[in-house]
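# Summary of structural features
Listed below are the residues making up each chain.
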Amino acid sequence: MSSTDSARVISPELDAIDLMLRDLQTRHDEIRHRAAFRGCTHELLVLQEELVEYLHSKRSSLQASV
């Protein structure tokens with residue numbers, strides 16, 4: 001498999017990561033309202049930060065392997 005072929009294989013995963021990052025960084029008032037009602041706003045925000053860090057790390061490792 002050439003580097004061009006491997007870039008095409010990984011590209012959909014990188015695109016998915018970018019979309020998920022965009023979604024995680026978008027304010028979702030309905031979810032935040034539910035979290036506040038359930039008393040887990042802090043935990044939701046911490047989890048969101050952890051997911052963003054994980055996705056950035058995964059994207060970096062995929063880009064390095066191209």
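Treat the numbers as computed from the prediction; the structure is a model and nothing was measured. (Residues numbered from 1 in each chain as written. Predicted model: local features only at pLDDT ≥ 70, side-chain atom pairs only at ≥ 80, totals over all residues. Heavy atoms only, no water.)

Position of Glu-13 among the secondary structure elements: in helix α1 (residues 3-24). With 49 residues separating them in the primary sequence, Glu-13 and Leu-62 have C-alpha atoms 8.6 Å apart. Here the side chain of Glu-13 touches Lys-58 through a polar contact of 3.4 Å, side chain to side chain. (Helix = DSSP H or I, 4+ residues; strand = E, 2+ residues; numbered from the N terminus. Polar contact = N/O pair within 3.5 Å; in protein donor to acceptor, adjacent residues only side chain to side chain.)

So, about the pattern of salt bridges. Here the structure, examined in full by the defined rule, presents four salt bridges. Here Asp-18 makes a salt bridge to Arg-59, at a shortest N to O gap of 2.7 Å. Taken together, the residues span a long stretch of sequence, with Asp-18 in helix α1 and Arg-59 in helix α3 (residues 41-64) at a distance of 41 residues. Overall, the relative accessible area of 32% leaves Asp-18 in the partly exposed class. For the salt bridge of Asp-29 with Arg-27, the shortest nitrogen-to-oxygen distance reads 2.6 Å. (Salt bridge = Lys/Arg side-chain N within 4 Å of Asp/Glu carboxyl O. Buried < 20%, exposed > 50% of the residue type's maximum accessible area, 1.4 Å probe, protein only.)

Moving on to the layout of surface pockets. Empty space within the largest pocket amounts to approximately 210 Å³. Of all the secondary structure elements, the ones that give two or more residues to the lining of the largest pocket are α1, α2 (29-38) and α3. For the lining of the largest pocket, the element with the most residues is α3, which contributes four residues. Taken together, the residues that form the lining of the largest pocket break down as five nonpolar, three polar and three charged. (1 Å grid on protein atoms, 1.4 Å probe; cavity = no way out; pocket = protein on both sides within 12 Å on 5 of 7 lines; lining within 4 Å. Points joined across faces, edges and corners; volume = space filled by probe spheres on them. Nonpolar A, V, L, I, M, F, W, Y, C, P; charged D, E, K, R; others polar.)

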